[in-house]
Amino acid sequence: MREYDFEPVRGLPERLPPGEEMLWQGSPRWDVLARRAFHVRKVAVYFAVLVVLRLVVDWSDGSSAASVIQGVTWILALALVSIGALTLLGWAMARTTLYTITNRRVVMRIGVALPMIMNLPFKQFRSADLRVYPDGSGDIPLLLAKSARPSYMIFWPHVRPWHFSPTQPMLRGIPDAAAVAKILSDALAGYLEESRQADGGSVESSAQGETSLAS
């Protein structure tokens, strides 16, 4: 059996009910996850500093060239293993993650060893934000109703960093983030309008959050 053969629709736990339609599906960029979630660049800089310090110390002590090379080799080996493992983790996370936006909710299929599908209905949204990076990729954090109480540990790294209370699930490292944000903004606006009409002009407080997304 292939991965996710249990999904009746790719990325979704069940077929969409009548009236609900898929507007967008996408995954994070693996290189973006590696850099921003697993901090590969910072780890590389850290080991580069260690190498320079080791060289300076060994040369100051008058060590032989062979001794200097031997001292640096183990640092470089550890650096390659660490950076390779983090890069592989970013690739695996991106490969197994799938974000879906419909006209009723956001669905997040996350997890590598233990895949999970998380449903985030629009009625729980208080606001959505957007951060776009120079390469066009970006993040869309979602602020949910206080009653939702999403777990930071379960959603990580698909959460807004260092926002523990409340935890904000996040579409992370997605390509062409501005276009995706526009799709989500329009979907939220349409949902709010339908809710107003259904409620005779009133909207549930849990769905009264901001619907605009700006970088």
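Residues numbered from 1 in each chain as written. Predicted model: local features only at pLDDT ≥ 70, side-chain atom pairs only at ≥ 80, totals over all residues. Heavy atoms only, no water.

Caption draft 1: Structural context of the pattern of salt bridges. In total, this model carries 10 salt bridges according to the counting rule given. As a salt-bridge pair, Asp-186 and Lys-182 come within 2.7 Å of each other at their nearest N and O atoms. One end of the pair is Asp-186 and the other is Lys-182, both in helix H5 (residues 177-198) and four residues apart, which spans about a single turn. In this structure, a network of salt bridges that share partners links the residues Arg-29, Asp-31, Arg-35, Arg-36 and Asp-135. (Salt bridge = Lys/Arg side-chain N within 4 Å of Asp/Glu carboxyl O. Helix = DSSP H or I, 4+ residues; strand = E, 2+ residues; numbered from the N terminus.)

Caption draft 2: Quick peek at the sheet that holds strand E1 (residues 22-26). Taken together, the four strands give an open sheet; going across it, the order is E1-E2-E3-E4, and neighbouring strands pair in antiparallel fashion. Lying at the two open borders of the sheet, with one neighbouring strand each, are E1 and strand E4 (116-121). Strand-to-strand twist of the sheet, defined as the mean angle between neighbouring strand axes without regard to direction, takes the value 15°. Relative to strand E3 (residues 105-110), strand E2 (residues 98-102) runs antiparallel, the two sharing four bridges. When the bridges of E3 are listed, Ile-101 appears paired with Val-106. (Pairing = 2+ DSSP bridges. Axes fitted to C-alpha atoms, helices over the stretch in contact; angles between N-to-C directions.)

Caption draft 3: Summary view of the packing of aromatic side chains. Overall, the coordinates contain six aromatic pairs when judged by the stated rule. Relative to Trp-156, the ring of Phe-38 has its centre 5.6 Å away and its plane inclined at 85°; by these criteria the two rings are edge-to-face. With Phe-38 in the loop between helix H1 (30-37) and helix H2 (40-60) and Trp-156 in the loop between helix H4 (152-155) and strand E8 (159-164), the pair connects residues that are 118 residues apart, well separated along the chain. Arranged with centres 5.4 Å apart and planes meeting at 75°, the rings of Tyr-46 and Phe-47 form a pair that is edge-to-face. Counting every residue linked through ring pairs, the aromatic cluster contains Phe-122, Phe-125 and Tyr-191. Here the guanidinium or amino end of Arg-36 rests over the ring plane of Tyr-133, the centre of that ring lying 3.5 Å away. (Phe/Tyr/Trp six-rings, centres within 6.5 Å; stacked < 30°, edge-to-face > 60°. Lys NZ or Arg CZ within 6 Å of the ring centre and 35° of its normal.)

Caption draft 4: Layout of the side chain of Arg-36. Its place among the elements puts Arg-36 in helix H1. Among the polar contacts made by the side chain of Arg-36, one reaches the side chain of Ser-137 at a distance of 3.1 Å. Each residue touching Arg-36, except ones within four places of it in the same chain, is listed here: Tyr-133, Asp-135, Ser-137 and Arg-172. (Polar contact = N/O pair within 3.5 Å; in protein donor to acceptor, adjacent residues only side chain to side chain. Contact = heavy atoms within 4.5 Å.)

Caption draft 5: Representation of the nonpolar core within the structure. Membership of the largest hydrophobic core comes to 27 residues, with the highest contact counts inside it found for Val-106, Met-108, Ile-140, Leu-142 and Leu-184. The set of elements that each furnish at least two residues to this core consists of E2, E3, E4, strand E5 (125-128), strand E7 (138-144), H4, strand E9 (167-174) and H5. In terms of residue count, the dominant contributor to this core is H5 (seven residues). Ignoring anything within four residues of it in the chain, the contact list for Leu-142 reads Val-106, Leu-120, Phe-125, Ser-127, Ala-128, Gln-168, Pro-169 and Leu-184. Grouped together as the second largest cluster of nonpolar side chains are six residues, Val-43, Val-51, Ile-75 and Ala-79 included. (Core = buried A, V, L, I, M, F, W, Y, C linked by side-chain atoms within 4.5 Å. Buried < 20%, exposed > 50% of the residue type's maximum accessible area, 1.4 Å probe, protein only.)

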